[in-house]
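Coordinate analysis (summary)
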Amino acid sequence: MNRADAIGRLKSRRFDMLVLGGGATGTGIALDAATRGLDVALVEKEDFAAGTSSRSTKLIHGGVRYLEKAVKEFDRGQLDLVRDALKERAVLLRIAPHLSRPLPLLTPLYGLFEIPYYFTGLKIYDLLAGRANLESSRLLGRAEATRRFPMLRKEGLKGGVLYYDGQFDDARMNVSLALTAAQQGATVANHVAASDLLEEGGRLRGAVVKDTLTGESWEIDAKVVVNATGPFCDEIRLLDDPGARRLLSTSSGTHIVLDAHFSPPETGLLIPKTEDGRVLFLLPWLGHTLVGTTDNPAPLSEDPQASEEDIEYILRHLRHYFDLPVGRGDVLSSWSGLRPLVSNDSKKGTSGLVRDHLIEVSESGLLTITGGKWTTYRKMALDAVDRAVRVGRLEPSRGSATETLPLRGAEGFGADGIAQLERAGLDEDVAAHLHRAYGSKATEVATIAAQGYGGRLAAGYPHIEAEVIYGSRVEMACTAEDILHRRTRLAFLNESAAEEARPRVEELLATSSALS
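Throughout what follows, the structure given in this document is the object of discussion. (Residues numbered from 1 in each chain as written. Predicted model: local features only at pLDDT ≥ 70, side-chain atom pairs only at ≥ 80, totals over all residues. Heavy atoms only, no water.)

Comments concerning the overall build of the protein
Summing up its helical and strand segments, the protein has 17 helices and 18 strands in all. Since a compact globule built from 516 residues should have a radius of gyration of about 24 Å, the 23 Å found for the protein is in line with a globular shape. Once the C-alpha set of the protein is aligned to its principal axes, its extents read approximately 70 × 60 × 40 Å. Relative to its 516 residues, the protein shows a buried fraction of 60%. Of the contacts formed within the protein by residues at least 6 apart in sequence, a portion of 72% connects residues at least 24 apart. When the accessible surface of the protein is summed, it comes to about 20,000 Å², and 50% of that surface belongs to carbon and sulfur atoms. Charge centroids of the protein, computed over 62 positive and 70 negative side chains, lie 5 Å from each other. (Helix = DSSP H or I, 4+ residues; strand = E, 2+ residues; numbered from the N terminus. Rg over C-alpha atoms; globule rule 2.2 N^0.38 Å. Buried < 20%, exposed > 50% of the residue type's maximum accessible area, 1.4 Å probe, protein only. Contact = heavy atoms within 4.5 Å. Areas by Shrake-Rupley, 256 points an atom, 1.4 Å probe, with all protein chains shown as cover. Lys, Arg positive; Asp, Glu negative; His and termini not counted. Charge placed at Lys NZ, Arg CZ, Asp CG, Glu CD.)

Put into structure tokens, the structure is as follows:
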């Protein structure tokens, strides 16, 4: 289904469920509902993953920090969150092998007393994963730690603990969820904003929406309206009830991207304790090095920006742990994302709030789901659809299939995909990139490349013109930002390279639109 077809369906039928928000949670809900045979619509005011869902640390993980808090504070909620996330980690690695992979992470230790503390903690992490554990944690001596991560500061290093988590491409995963939901019968559209809610007899019956690209407005009727707008969920709740108490606090998480030589390609680094008690990750990601994140209270913003203070905070800790010099000039890209944190009445900062999710149903029937984290999006979706079925008295024709359903690109994905793309005439780095980003659908992009769209968008990067055409025709990309930020990830890897590519991307989008 292309976007024009989706808009047509949104105007012409009544749905069982209308989902507001096209991040991980919203698209996960649409997919879950569609696999149950429900008629579901989803609208996203910007683009799929335009907000928080494209700005994560790119880890599929239980959360070692949450485990530490659970043990120290005897917090069952944090422990359950870790256990659920570890189960979901295994599911994601299975249903989207092209977009995710297991990744070993090294925790360097500089004090003898740290060795039993962190080793014991990570062994508990293994135990909580149970059969879903990726590989057992183990102690490394100083020599092995520096062999795996040569840029580590050698002075005072005692050794390290190696453990395993998952890594993924968050925005590509989000787009894949939306497209898979559409394959299953959902009607999904980006750049469509909910401007008001419709009520009849004290119950919600749908929403007024507006196509932000054309300015056209219309009504969508639905038996249940689900508010899955992440950090903006309170704004929708206030449309429903102007006197509603706000549910969320928001915090910002800043990340930076450095060149590949700042990390080995197959091992990440967990800095276990910063000067203010946080953790930092340094990870190989898409041929670069990703570092983050911060955790500071932040105001609600459509486009939060990484502050120079937060960038310097990250660099300062890298310099403390690295023998390799690193400075502001090494930063190729930076961004900040907002975490939706369920508020409490304590005096703790945002880093102390539980990352579990909350479902609320208002008197009019608005179902709001908020909180949570990327790794648990599928469980959040399951819980939300279960509740929506009760609220709307819906009648699913079957059970959820999301635990085993491959996401778009996973069907037929195999290790020989890169060789096939090379045989089609693509350079090795381009073939590897397409194989990873599109999975079994990479051949469709390669076919477009063979029609004269094989040129690179930016020097030194594997992203090609065919991806713009494919993104427009197949993946609902409408703007240069959609392409550069979320279909190719170029803007997240190198801001200058993305600006170099922008004129050609805009030209190709116009060409694709004219040919449609």
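A few points about the pattern of salt bridges
Considering all chains together, one arrives at 41 salt bridges under this definition. Ionic pairing is found between arginine 36 and aspartate 32, a salt bridge with its closest N-O pair at 2.7 Å. Here the two residues arginine 36 and aspartate 32 agree in accessibility, since each one is buried. Residues arginine 147 and glutamate 144 are paired through a salt bridge, measuring 2.9 Å at the closest nitrogen-oxygen approach. With arginine 147 and glutamate 144 both in helix 6 (residues 142-148) and three residues apart, the pair spans about one turn of that helix. (Salt bridge = Lys/Arg side-chain N within 4 Å of Asp/Glu carboxyl O.)

Regarding the layout of surface pockets
Approximately 510 Å³ is the volume found for the second largest pocket. What lines the second largest pocket is a set of 27 residues, and nearest its centre among them are Arg55, Asp303, Gln305, His485 and Phe492. Ranked by residue count, the leading element in the lining of the second largest pocket is helix 15 (residues 480-487), at five residues. Across the lining of the second largest pocket, the residue classes tally to eight nonpolar, eight polar and eleven charged. (1 Å grid on protein atoms, 1.4 Å probe; cavity = no way out; pocket = protein on both sides within 12 Å on 5 of 7 lines; lining within 4 Å. Points joined across faces, edges and corners; volume = space filled by probe spheres on them. Nonpolar A, V, L, I, M, F, W, Y, C, P; charged D, E, K, R; others polar.)

Side note on the nonpolar core
Grouped burial of nonpolar side chains is what soluble globular proteins tend to show. Membership of the largest hydrophobic core comes to 67 residues, with the highest contact counts inside it found for Leu10, Met17 and Ile29. Not counting the four nearest positions on each side in its chain, isoleucine 29 is found in contact with Met17, Val19, Val226, Ala228, Ile369, Ala381, Ala384 and Val385. Counting 61 residues, the second largest nonpolar core, distinct from the first, contains Tyr66, Ala129, Tyr438 and Leu457. (Core = buried A, V, L, I, M, F, W, Y, C linked by side-chain atoms within 4.5 Å.)

Overview of the environment of alanine 498
If you trace the backbone, alanine 498 turns up in helix 17 (residues 495-515). In this view, alanine 498 contacts Leu484, Leu490 and Ala491; residues no more than four positions away in its chain are not counted.

Remember, this is a structural readout, not a statement about activity or role.
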